[in-house]
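Chain and residue survey
Letter by letter, the chains look like this.
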There are 2 protein chains.
Amino acid sequence: MNAPDKLVQLLALTREPFPASTKVHMPGQLHPGVRVPMREVQLTNGEAVTLYDTSGPYTEPGAQIDVRRGLAGLRDAWIAARGDTESYEGRLRQALDDGTKNEAREGERIAALRAQAAALQRTPRRARAGANVTQMHYARKGIVTPEMEFVALRENGRREWMREYLADAQKNARLAGNPMGAAIPDIITPEFVRDEVARGRAIIPANINHPETEPMAIGRNFLVKINANIGNSAVTSSIEEEVEKLVWAIRWGADTVMDLSTGRNIHTTRDWIVRNSPVPIGTVPIYQALEKVGGVAEDLSWEIFRDTLIEQAEQGVDYFTIHAGVRLPFIPLTAKRRTGIVSRGGSILAKWCISHHKENFLYTHFEEICEIMKAYDVSFSLGDGLRPGSGADANDEAQFAELRTLGELTQLAWKHDVQVMIEGPGHVPMHMIQANMTEQLRHCGEAPFYTLGPLTVDISPGYDHIASAIGAAMIGWFGTAMLCYVTPKEHLGLPDRNDVKQGIIAYKIAAHAADVAKGHPGARAWDEALSKARFEFRWQDQFNLSLDPETAKDFHDETLPADGAKVAHFCSMCGPKFCSMKITQDVREFAAAQEGMAAKSAEFKAAGGEIYIPVRQE
Amino acid sequence: MNAPDKLVQLLALTREPFPASTKVHMPGQLHPGVRVPMREVQLTNGEAVTLYDTSGPYTEPGAQIDVRRGLAGLRDAWIAARGDTESYEGRLRQALDDGTKNEAREGERIAALRAQAAALQRTPRRARAGANVTQMHYARKGIVTPEMEFVALRENGRREWMREYLADAQKNARLAGNPMGAAIPDIITPEFVRDEVARGRAIIPANINHPETEPMAIGRNFLVKINANIGNSAVTSSIEEEVEKLVWAIRWGADTVMDLSTGRNIHTTRDWIVRNSPVPIGTVPIYQALEKVGGVAEDLSWEIFRDTLIEQAEQGVDYFTIHAGVRLPFIPLTAKRRTGIVSRGGSILAKWCISHHKENFLYTHFEEICEIMKAYDVSFSLGDGLRPGSGADANDEAQFAELRTLGELTQLAWKHDVQVMIEGPGHVPMHMIQANMTEQLRHCGEAPFYTLGPLTVDISPGYDHIASAIGAAMIGWFGTAMLCYVTPKEHLGLPDRNDVKQGIIAYKIAAHAADVAKGHPGARAWDEALSKARFEFRWQDQFNLSLDPETAKDFHDETLPADGAKVAHFCSMCGPKFCSMKITQDVREFAAAQEGMAAKSAEFKAAGGEIYIPVRQE
């Protein structure tokens, strides 16, 4: 088999539905065009559990998908119906967009890859003169968009199957969670989504040039989301390869994906990714801008950066990391740090600022950036270029000075009705995590917080997905809206396919732990459904309800591969005689059969029940 | 190569010292016989870092180790010098100890294995009539034992290399940690250890029949410890195999090891493990007792259990899990749980209680157990037989009723000067974790808490080491003294060699995160030393200071295998142009060269420094 065929086969495998799962759709009420996809897991006891599904049409066996044509434009009609955008020719693509000066010299193979990408690209749209097409703008005008209704249905999930479990929480306050200041309603209404977006407490990243997205929200009163980073291929080989990476990431639960490619063919790769992505795509435009100036930070300029923003906005990128808070006066604050500046974007801009002895051009041109953002509905992800790179630098003056600036810029973006989230660290020991959330809430007007980890220790290279999942779970509980994953390769090298999966699963755990702690009704119900299957020895259901059904099943089958073991009332860990759950069930039956058991217990209690009271003297 | 030779080779590999590491010893002051082993890591910049070392003599290349003879009795002379013990013939070993009724029928191979084990076993010692040989008893009499001095030196580590880092914390209060009620002194003195043991806030598990142990302490004011479970082999093949598992676990950092073997040959396996273990060994004696009655819980009796305790105390087990809190009146409290009783020991005793309509015999005979414990210095690990098996059951009445009982029993054990720790859950969502610690502190007189995880979600079979490391880190910070690991195979099957390692590393991260948050001086210093190496591009030092040097190096080398890359100022993740640390160093040099940089910054600040204030009207 040749290489392209192998990739096509790999992509087909990556598209396989999860075991016992089918794609179902919940219809909108306000907007008949809304159909929210979910994954329904059929259980062996006849019940079904419906789960939030980030995998898009890729896990629909019947979906006609051709990665060389891109996904269907789910939101096309919604965008058109608003009547506030126009198609236009768009910016002329340049050789430099792919980091080369002379494309003609690069040969036929690269030319063919570029032609494929160009064929994918849609004719760009932008806001009509004077219009503002952001979800925040609509929200503030009182409009509930189809995107908002989609989000509401998606966040609620199907409530029918949860009833048994939701009743538990009504009986036991301890199960209701501690929202730590969040206000998650029992039922998320479209109007609630609108209100959250209007006040800036949530964003719906939804570039009008990325109509392929299945709308999702990032905000403290919604499910905690996770982001996976892909990209960084020096030379891409085909659409299939890039798209497979994306499909792999969303299969395991990435809610958004950042394309952090550097080097050649950035533009081409991005076409492939955006056109085939059902989740919002984020980028760090300064990376491409730097490529355009040959990697020399000092040569960056507002003009080159501005042009890059428009290029990427036309392609459909949903959010931009903009390091506008790396201000000239803050840079000396990093000089005595243990690990200086560790953000790539932050260090590039620091170098620019110092070289020119000038204020960061992203800061001085911030309102011009807002003008671009609102013409396409690109959301800000205000970058934390001065985040700590070690526990020793956590919560220092450089970090918090930048955070306060991000708060100032948030107000400015909101003046333009541009959606904003705020990036956060990084490396933070546990006892300093909560202050990050508190300071962010204090200074950034409740704009969603989007943190990288944080890593709680520095000594775990090779296992930093775990060190950071600890911090991510905690800060997610405290109010962070989206967690940027960390893979086992962090600090060491480029993550491969398995690293991406390991990072995502660790972060799904962290996000889910936060949702459960905050008291999200659907989160605990999912836990309970799996626990019920576990207790009833429905092994297959236990696997199928888990974050990674295949691994769970494989681990079980390593020691008990026989089909009979899937219904056995024990596993190899304890063996049949020692299975505590089996014994418990015996105990229950016994107790039920014994009349007066409860009475005997009460009698025992009434008699004191404390054999060793009073304590005898030695 | 035949199977035994392969094992011998494996054991040799498992014994290899860590890269760039040598074993060093810190001498005692009070007790000249005390020599505390530590691992010294030699850095490429001429510095050295000394780390806590659980691996025992196995990582000493010069150590003469013969697993068929067992380790040297480090504490033999100390125990003898106290003059309060006597050698005696010991209990007669029975066929039933290994779960068989007729050993003669089992063939030569098994007989040979048993003979090997018997050859290892030392002549047992016990307290002389009327004597009490527990570390707590000595502590309360004001005696600072060699064990206590050993612990003090071990906890402090070598302070010389830490100075640079400790100075940071003096400058920055944020680095000093938040001890959450713990009181960790700057320097741990032997007298401090004595006082902590005397008041029951720490234990030193140190059975007089296990003189091979390198003393360690479990307590809230010491480094957070971790336990790894091994055992469960249905049929063991050789001493080498069992010992290799143990050596593997302590190599990666297990502070204690529990032998949870069930089935045949329990007694024989235990001989091998204890005689070759430099770390304390814990067991759950009810498992063996149940084997002796053919697996029928109802047939258990105090007499059989008592005999098993003496058998194991003579072998040298350092702590026993005793489920004395599973009281008859509490059992009905579990009937409506989502997952009933999930502790093996708990369910066995529940079944016994209900079958006989009698109070748990461990509870009714508790003081008789104390008499045995104090004759050998076996510590209690009071088992949480009613711990929650799912988030839905966390912190319920059954769990806390048992916890209060464990508090009552703690007072009783302390009356006998018997050392005690308290076991805790289990499955607990994040928002309910702190209450576990608070309740434990309230009811158990600050006896050390020893928790299993807790798991913060239920949906992650295959990844429960991560789900539980989150809870473990948090509860460790809140005050738990030892964390029992969970492996990726939890809920699914028997962990293999790699699962054991994955579980241990995840728990080393959790324990270290807790130590850093609590403000343990040596913990943060370790983080800083690695971060400094990272910032200075000393790749080799970064690997060697990490929890798993081989994996860190392998991950790095996957993309940059050349030796030159070990000194390169970048890695494959960002490449040379984008390496933020390199840019930061350029920035620093640039800033240093620019006279007046700080002045310019001050001038900028004085001029307002806020380009966008006042905010313009739209």
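Remember, it's a predicted structure, so these values are computed and weren't measured experimentally. (Residues numbered from 1 in each chain as written. Chains lettered and ligands numbered in written order. Predicted model: local features only at pLDDT ≥ 70, side-chain atom pairs only at ≥ 80, totals over all residues. Heavy atoms only, no water.)

**Observations concerning the overall build of chain A**
In terms of helices and strands, chain A carries 24 helices and 15 strands. Split into buried and exposed, the 618 residues of chain A put 67% on the buried side. Sequence separation of at least 24 residues holds for 77% of the intrachain contacts in chain A that already meet a minimum separation of 6. As presented, chain A carries roughly 20,200 Å² of accessible surface, and 53% of it is formed by carbon and sulfur atoms. (Helix = DSSP H or I, 4+ residues; strand = E, 2+ residues; numbered from the N terminus. Buried < 20%, exposed > 50% of the residue type's maximum accessible area, 1.4 Å probe, protein only. Contact = heavy atoms within 4.5 Å. Areas by Shrake-Rupley, 256 points an atom, 1.4 Å probe, with all protein chains shown as cover.)

**A closer look at the sheet that holds strand β3 (residues 48–51) of chain B**
All names here are of chain B. The strand order across the open sheet formed by three strands is β1-β2-β3, and the pairing between neighbours is antiparallel. Edge positions in the open sheet fall to β1 (21–27) and β3, since each of these has one partner strand only. For this sheet, the mean angle separating the axes of adjacent strands, direction not counted, is 40 degrees. Where β1 and strand β2 (residues 35–42) come together, seven bridges link them in antiparallel fashion. What sits directly across from Ser21, in β2, is Val41. (Pairing = 2+ DSSP bridges. Axes fitted to C-alpha atoms, helices over the stretch in contact; angles between N-to-C directions.)

**Let's talk about the sheet that holds strand β3 (residues 48–51) of chain A**
All names here are of chain A. Pairing in this open sheet of three strands is antiparallel, and the strands run β1-β2-β3 from one edge to the other. Of all strands in the sheet, those with a lone pairing partner are β1 (21–27) and β3, marking the two edges. The average undirected angle you get between the axes of adjacent strands in this sheet is 40 degrees. Pairing geometry for strand β2 (residues 35–42) and β3, over four bridges, is antiparallel. The residue bridging Val41 from the neighbouring strand is Val49, located in β3. Sheet contacts for helix α5 (residues 146–156): β1 and β2; angle to β2, the most-contacted strand, approximately 15 degrees.

**As for the UniProt feature "domain: ThiC-associated" (unreviewed entry) in chain A**
Following the UniProt record, one finds the feature "domain: ThiC-associated" (unreviewed entry) at residues 17–86 of chain A. Within the segment residues 17–86 of chain A, helix and strand shares are 10% and 30% respectively, and the terminal C-alpha atoms sit 38 Å apart. (UniProt positions renumbered as here; feature names shortened; annotations may be inferred.)

**Focus on the pattern of salt bridges**
This structure, assessed with the given rule, holds 104 salt bridges over all chains. The residue Lys532(A) makes a salt bridge to Glu164(A) at a minimum N-O spacing of 3.2 Å. In this pair, Lys532(A) sits in helix α19 (residues 521–535) while Glu164(A) sits in helix α6 (residues 163–171), placing the two residues 368 residues apart along the sequence. On the accessibility criterion, Glu164(A) (35% relative accessible area) is partly exposed. In this structure, Arg338(A) and Glu528(B) form a salt bridge, with 2.8 Å as the shortest nitrogen-oxygen distance. One end of the pair, Arg338(A), is in the loop between β11 (319–322) and α12 (344–356); the other, Glu528(B), is in helix α19 (residues 521–535), on a second chain. In this structure Arg338(A) comes out as buried when scored by relative accessible area, which is 14%. Each of the salt bridges in this network shares a partner with another, and the network as a whole consists of Glu47(A), Glu164(A), Arg524(A), Glu528(A), Lys532(A) and Arg338(B). (Salt bridge = Lys/Arg side-chain N within 4 Å of Asp/Glu carboxyl O.)

**Quick notes on unusual backbone geometry**
The peptide bond linking Pro425(A) to Gly426(A) adopts the cis configuration, its omega dihedral lying at 5 degrees. Turning to its location among the elements, Gly426(A) is positioned in the loop between β13 (420–424) and α16 (433–443). In the segment running from Gly453(B) into Pro454(B), the intervening peptide bond is cis, with an omega of 10 degrees. Following the sequence through the fold, Pro454(B) ends up in the loop between β14 (449–452) and α17 (464–478). Despite not being glycine, Phe537(A) has its phi angle at roughly 60 degrees, a positive value. With respect to the element layout, Phe537(A) can be found in the loop between α19 and α20 (539–544). The residue Ala20(B) is not glycine, and still its phi comes out positive at about 60 degrees. By the element assignment, Ala20(B) lies in the loop between α1 (3–14) and β1.

**Structural notes on the interface of chain B and chain A**
Accessible area lost when the parts come together is the quantity often used to give the size of an interface. Chain B puts 145 residues into the contact, and the matching count from chain A is 146 residues. At the junction of chain B and chain A, the tally comes to six salt bridges. If you look at where chain B meets chain A, you find 22 residue pairs in polar contact (both at pLDDT 80 or more). In terms of residue count, the dominant contributor to the side of chain B that touches chain A is helix α18 (residues 497–518) of chain B (eleven residues). Broken down by class, the residue content of the side of chain B that touches chain A amounts to 68 nonpolar, 41 polar and 36 charged. (Polar contact = N/O pair within 3.5 Å; in protein donor to acceptor, adjacent residues only side chain to side chain. Nonpolar A, V, L, I, M, F, W, Y, C, P; charged D, E, K, R; others polar.)

**Re the side chain of Asn156(A)**
The topology assignment puts Asn156(A) in helix α5. Excluding its chain neighbours within four sequence positions, the residues that come into contact with Asn156(A) are Met162(A), Asp186(A), Ile187(A) and Ile188(A).

**A closer look at the packing of helix α8 (residues 239–251) of chain A against helix α18 (residues 497–518) of chain A**
Residues and elements named next belong to chain A. Look at α8 against α18: their axes get within 9 Å of each other, and the N-to-C directions meet at 25 degrees. Between α8 and α18, the angle falls in the class roughly parallel. In terms of crossing hand, the pair formed by α8 and α18 is right-handed. Judged by residue contacts, Glu244, Trp248 and Ala249 of α8 engage Arg497, Val500, Lys501 and Ile504 from α18. (Parallel < 35°, antiparallel > 145°, perpendicular 65-115°, else oblique. Left-handed = near helix turned anticlockwise from the far one by under 90°.)

**Focus on the packing of aromatic side chains**
Summed over the entire model, instances satisfying the criterion amount to 24 aromatic pairs over all chains. Aromatic pair Trp302(B) and Phe305(B): ring centres 6.5 Å apart, planes at 35 degrees, arrangement tilted. Of this pair, Trp302(B) and Phe305(B) both sit in helix α11 (residues 302–315), three residues apart, which is roughly one turn of the helix. Note on accessibility: Trp302(B) and Phe305(B) belong to one class, buried. Plain terms: the ring middles of Trp539(B) and Phe543(B) are 6.2 Å apart, the flat faces sit at 45 degrees to each other, and that makes the pair tilted. Taken together, the residues span about one helical turn, with Trp539(B) and Phe543(B) both in helix α20 (residues 539–544) at a distance of four residues. For the pair Trp539(B) and Phe543(B), a shared accessibility class is recorded, and that class is buried. One aromatic cluster in this structure is built from Trp302(A), Phe305(A), Trp352(A) and Phe361(A). Over the face of the ring belonging to Tyr88(A) we find Arg126(A), whose NZ or CZ atom lies 3.8 Å from the ring centre. The aromatic ring of Trp252(B) is capped on one face by Lys501(B), whose charged end is 4.1 Å from the ring centroid. (Phe/Tyr/Trp six-rings, centres within 6.5 Å; stacked < 30°, edge-to-face > 60°. Lys NZ or Arg CZ within 6 Å of the ring centre and 35° of its normal.)

**Digging into the pairing of strand β12 (residues 379–382) of chain B**
Residues and elements named next belong to chain B. The alternating pattern of β12 places Ser379 and Ser381 and Phe380 and Leu382 on opposite faces, both of which are buried. Of the strand pairs in this sheet, β12 and strand β13 (residues 420–424) are connected by three bridges, and their pairing is parallel. The partner of Leu382 across the bridge, within β13, is Ile422.

**Here we look at the packing of helix α3 (residues 108–120) of chain A against helix α9 (residues 266–275) of chain A**
Residues and elements named next belong to chain A. Where α3 contacts α9, the two axes come as close as 9 Å, and the packing angle between them is 40 degrees. Our classification of the angle between α3 and α9 gives oblique. Crossing geometry of α3 relative to α9 is assigned as left-handed. Along its contact with α3, which presents Leu113, Arg114, Gln116, Ala117, Ala118 and Leu120, the element α9 presents Thr268, Asp271, Trp272 and Arg275. By residue class, the composition of the contact of α3 with α9 is five nonpolar, two polar and three charged.

**Here's the deal with the relation of the copies chain B and chain A**
Each copy superposes on the other: chain B lies on chain A with an RMSD of 0.0 Å after a rotation of 180 degrees and an axial shift of 0.0 Å. Taken together, the turn and the small shift mark the pair as related by a two-fold rotation axis. Proximity to the rotation axis, assessed at the C-alpha, singles out Ile470(B) in chain B; its C-alpha lies 2.3 Å from the axis. A share of 100% of the interface residues of chain B reappears at the interface of chain A, consistent with the copies meeting face to face through the same patch. (Least-squares fit on C-alpha atoms with pLDDT ≥ 70 in both.)

**Some thoughts on the nonpolar core**
Among the nonpolar cores identified, the biggest contains 336 residues, and Phe305(A), Phe380(A), Met430(A), Phe305(B), Phe380(B) and Met430(B) are the most heavily contacted of them. Residues within four places of Met430(A) in sequence aside, it is in contact with Thr456(A), Ile470(A), Met474(A), Ala473(B), Met474(B), Trp477(B), Ala513(B), Ala514(B) and Ala517(B). (Core = buried A, V, L, I, M, F, W, Y, C linked by side-chain atoms within 4.5 Å.)

**Let's talk about the pairing of strand β11 (residues 319–322) of chain B**
All names here are of chain B. The alternating pattern of β11 places Tyr319 and Thr321 on one face and Phe320 and Ile322 on the opposite face, and all of these are buried. Alignment of β11 against β12, held across four bridges, turns out to be parallel. The residue bridging Ile322 from the neighbouring strand is Leu382, located in β12.

**Considering the state of the cysteines**
Following the criterion strictly, the structure yields zero disulfides over all chains and no others. Left unpaired, Cys370(A) is separated from the closest cysteine sulfur, that of Cys444(A), by 15 Å. (Disulfide = S-S within 2.5 Å.)

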